[in-house]
Amino acid sequence: MARIHHLDCGTMCPIGGPLVGARRWRDRGRLICHCLAIETARDGVILVDTGFGADDCTHPWRLSAIFRALVAPRLDPQATAVAQLAALGFAPKDVRHVVVTHLDPDHAGGLPDFPAAEVHVHAHEHEAAMARADLRAKSRYLTNRLDPGARWQRYLPDGDTWLGLPAVRALRGVSADIALVPMIGHTRGHTAVAIRDGARWLVHAGDAYFDRRELGGVGRPPPALRWLATIDEVDRAARLASVEALRTLAARPDVTVVCSHDPSELPA
Ligand SMILES: [Zn+2]
């Protein structure tokens, strides 16, 4: 059976005190970049999202100024996926596949660290990232991270389903049971990634939500995170439908849902 490592590949510390979930006004919030490294017998290591990469740490000014001002990434070379995998005994070439929820810099910044990997992505996300059609797309899709010549594997849902949702069930060249489950709204081709883990499923929901409380339970997400979700979205109705679908999934006993940025969801 595959072994799944949960990695935080980039902490972000936005200012705003209680607006970002901190206790006092002088404190900063804390968001993580929750990535998964799946050790498999037949497919090598499969990464789900990369977080920030080595080049983000050495050339932080290549990230957009707005992005840096909003989320204040810490950019620690030791936190990159490539460094954390090295500590686990894996070379960059051992990562044969990267499955990305979407191509924002805090999810795909590390792609250049794994040049040999096939990169599995929703076709509309790839299209939006390559076209960079408007100002927002230009600031979120960075040309120095998203190489048009990389080994892109692009997908559109083809009629298959996963637990009743439209999905791509077979990733090219991957024998592990991993599905792309489109959760559109944050970006044009945003997807969740569902990984079979024995009798259970682990769902990485990317930025479909930012705070666990969006899926129900006690309390509401901090105001700045609710605001961030709306200023970052490309399609509100689709985003809210994605959150609703994840709420239903999270209520199932055989499904664990995590998102990218809520530190409470990172296993100890
Ligand atoms: Zn993000």
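Everything numeric in this text was worked out from a predicted model, so none of it was measured.

## Overview of the sheet that holds strand 1 (residues 3–8)
Then step 1. Ordered in space as 1-2-3-4-5-6, the six strands form an open sheet in which the pairing is mixed. Of all the strands in the sheet, the pair left with one neighbour each is strand 1 and strand 6 (151–155). Across this sheet, the average inter-strand angle for adjacent strands is 20 degrees, counted without regard to direction.
Then step 2. Relative to strand 4 (residues 95–99), strand 3 (residues 45–48) runs parallel, the two being bridged by four bridges. What sits directly across from I46, in strand 4, is H97.
Then step 3. Seen against the sheet, helix 5 (residues 123–131) touches strand 5 (118–122) and strand 6 and runs at an angle of roughly 100 degrees to strand 5.

## Quick notes on the sheet that holds strand 11 (residues 200–204)
Then step 1. The strand order 9-10-11-12 describes an open sheet built from four strands, whose pairing is mixed. What marks the edges here is a single partner per strand, and that holds for strand 9 (178–182) and strand 12 (255–258). Going across the sheet, the axis of each strand differs from the next one's by a mean of 25 degrees, ignoring polarity.
Then step 2. Bridge count for strand 9 against strand 10 (residues 191–197) is five bridges, and the pairing is antiparallel. Of the residues in strand 10, the one forming a bridge with I178 is I195.

Reading the values: rules and limits
Residues numbered from 1 in each chain as written. Predicted model: local features only at pLDDT ≥ 70, side-chain atom pairs only at ≥ 80, totals over all residues. Pairing = 2+ DSSP bridges. Helix = DSSP H or I, 4+ residues; strand = E, 2+ residues; numbered from the N terminus. Axes fitted to C-alpha atoms, helices over the stretch in contact; angles between N-to-C directions. Contact = placed C-beta atoms within 7 Å.

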